[in-house]
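Below are the chains, spelled out letter by letter.
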Amino acid sequence: MTKPAAPKRYLPTSPFKAPATSAPKEFAVGDRVTHDMYGLGRVVGIEEGIAALVDFGSAQMRIMSPYAKMTKL
């Protein structure tokens, strides 16, 4: 099994533009969210920069940062 290729790093001396960096996702208690695996939910707790505790109705899940599969509604 092969490992996926690492993303190319940007060199400061490059004549090309730096790749766009997205701001880290931030959530607050009470935010409505959707998750690719768990569906609709509401944030019930936050561990700053570490994880968010989300109530999806049937279960509460601790979603780790950077929240790749979760978006705010």
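Look up a bit, the structure's there.
Residues numbered from 1 in each chain as written. Predicted model: local features only at pLDDT ≥ 70, side-chain atom pairs only at ≥ 80, totals over all residues. Heavy atoms only, no water.

**With respect to the overall build of the protein**
The criterion, for reference: A run of H or I in DSSP counts as a helix once it spans at least four residues, and a run of E counts as a strand once it spans at least two, with each numbered from the N terminus. Only protein chains enter the area calculation, which uses a 1.4 Å probe; residues under 20% of their type maximum are buried, those over 50% are exposed, and those in between are partly exposed. Contacts: residue pairs with any heavy atoms within 4.5 Å of one another. In these tables, accessible area is a Shrake-Rupley quantity obtained with a 1.4 Å probe, and a residue counts as shielded only by the protein chains included in the view.
What the protein contains, in helices and strands, is 0 helices and 5 strands. A buried classification covers 19% of the 73 residues belonging to the protein. A sequence separation of at least 24 residues applies to 28% of the contacts in the protein between residues at least 6 apart. Of the roughly 6100 Å² that the protein leaves accessible, carbon and sulfur atoms contribute 59%.

**Comments concerning the environment of proline 66**
Topologically, proline 66 is positioned in the loop between β4 (60–64) and β5 (70–72). Taking C-alpha positions, proline 66 is 8.1 Å from isoleucine 50, a pair spaced 16 residues apart along the chain.

**Regarding the pairing of strand β3 (residues 51–55)**
Sheet faces and side chains relate simply in a regular strand, where the side chains alternate between the two faces. To be explicit about the condition: Strands pair, by our definition, only if DSSP identifies at least two bridges between them.
Judged from the 5 bridges that link them, strand β2 (residues 39–47) and β3 form a sheet pairing that is antiparallel. Paired with glutamate 47 across the two strands is alanine 51, which belongs to β3. Taking the residues that link successive antiparallel strands as the turn, the β2-β3 hairpin has 3 residues, and the phi of glycine 49 there is positive, at about 70°. Note: β3 against β4, 5 bridges, orientation antiparallel. Bridged to alanine 52 within β4 is isoleucine 63. Linking β3 back to β4 in an antiparallel pair, the connection comprises 4 residues, with glycine 57 at a positive phi of about 90°.

**Some remarks on the pattern of salt bridges**
Inclusion rule: Definition used for salt bridges: Asp or Glu carboxyl oxygen within 4 Å of a side-chain nitrogen of Lys or Arg.
The tally for this structure, following the rule as stated, stands at 2 salt bridges. Its salt-bridge partner being lysine 72, residue aspartate 31 comes within 3.5 Å of it at the nearest N-O pair. Taken together, the residues aspartate 31 in the segment before β1 (32–35) and lysine 72 in strand β5 connect sequence positions 41 residues apart. Given the relative accessible area of 18%, aspartate 31 is considered buried. The salt bridge involving arginine 62 is made with glutamate 47; its shortest N-O contact spans 2.8 Å. Here glutamate 47 lies in strand β2 and arginine 62 lies in strand β4, a separation of 15 residues in the sequence.

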